[in-house]
Amino acid sequence: MSVRKLKVVLTRRLPDAVETRMRELFDAELNLKDQPMDRAALEAAVQRAEVLTPTITDLIDADLINGAGEQLKMIANFGAGVDHIDVEAAVARGIIVTNTPGVLTEDTADLAMSLILAVSRRIVEGAQVVAEGRFEGWTPTWMCGRKLWGKRLGIVGMGRIGQALARRAKAFGLQVHYHNRKPVSDLIAEELGATYWDDLDQMLARMDIVSLNCPATRETHHLLSAERLARLQPHAILINTARGELIEEAALAQAVAARAIAGVGLDVFEHEPAIHPGLMGHPNVVLLPHLGSATLEARQDMGDRVIANVMTFQNGHRPPDRVIPAML
């Protein structure tokens, strides 16, 4: 006896192999135009989908969830972060929420390390000089950045990505410090040579480099407020590959303009895709278009995890990557 295929609505284009497999396994409705669904389109989607597969660009709030049809039983997110989904509202309606954890770890850590290197060694600025034909030869004092070896790196959020970044940083000779809700195990701390700070303010004031690697929650919104940004040393650089909402972006723009911070590397923004104009056009500010998971391998792995979660649910079992409010 064949199993009835679930109606799965994808809000964005996914890798071809993922979409093809979804069409084989489910009654999958694809977004062939790859344009973000507006509010009306999302409201229509939750009236016909049994499973909605959104991405970070979709706001799945309580009003949308409460207005969904009774047939909606699952929100299978394409991505690890679920801050754009009201998980509490979904659970209250009996809707299962899943994500794709773990598959982005190494790629995001690579990008964070790349931004540390790019800002410290002025790589983007130097590449632009060459591209514009302004390179006139080597001189002893021109385009000098800062060495990494021996510097202190403060990691905010020592989960999978934070630990992966710490391993890379250790290889570059950085001294690893971190702030987390609780210390990592002694075994991990010893492997990474990591020093724990229970007081974020105290850590920020002593670091040469600060990297944000924590999720966006109510508690971490504007975690780096104007007050906390003022605690950074003038020679410090700030890296964010997590979520833009972690930083009070207007205050960061003011700090850059006042030269109260030496450099910034951002892959995410508070009001993405909009970027605070005060962050644009500075040679010591490297801005990337949300490339953290942008590898072919990661996007394929994300799709595979979505498929595994939906398939498990279709077969009557608990999906492996279920998200509940207590986890947030």
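Cut-offs and rules
- Residues numbered from 1 in each chain as written.
- Predicted model: local features only at pLDDT ≥ 70, side-chain atom pairs only at ≥ 80, totals over all residues.
- Heavy atoms only, no water.
- Pairing = 2+ DSSP bridges.
- Helix = DSSP H or I, 4+ residues; strand = E, 2+ residues; numbered from the N terminus.
- Contact = heavy atoms within 4.5 Å.
- Axes fitted to C-alpha atoms, helices over the stretch in contact; angles between N-to-C directions.
- Salt bridge = Lys/Arg side-chain N within 4 Å of Asp/Glu carboxyl O.
- Buried < 20%, exposed > 50% of the residue type's maximum accessible area, 1.4 Å probe, protein only.

- As annotated in an unreviewed UniProt entry, the protein chain carries the name Glyoxylate reductase and comes from Brevundimonas aurantiaca.

### Points about the sheet that holds strand β4 (residues 74-76)
- Taken together, the six strands give an open sheet; going across it, the order is β2-β1-β3-β4-β5-β13, and neighbouring strands pair in mixed fashion. What marks the edges here is a single partner per strand, and that holds for β2 (27-29) and β13 (322-323).
- Pairing between strand β1 (residues 7-10) and β2: three bridges, direction parallel. Looking across to β2, one finds that Lys 7 is bridged to Asp 27.
- Packed onto the sheet, helix α12 (residues 296-314) meets β1, β3 (51-53), β4 and β5 (96-98) and runs at close to 160 degrees relative to β4.

### Brief notes about the pattern of salt bridges
- Summed over the entire model, instances satisfying the criterion amount to 20 salt bridges.
- The closest approach of N and O atoms between Glu 19 and Arg 13, which form a salt bridge, is 3.4 Å.
- When its relative accessible area of 5% is taken as the criterion, Glu 19 is described as buried.
- By relative accessible area, Arg 13 is classed as partly exposed at 34%.
- Its salt-bridge partner being Arg 231, residue Glu 227 comes within 3.9 Å of it at the nearest N-O pair.
- With a relative accessible area of 34%, Arg 231 lands in the partly exposed category.
- It is possible to trace a salt-bridge network through shared partners that takes in Asp 201, Glu 227, Arg 228 and Arg 231.

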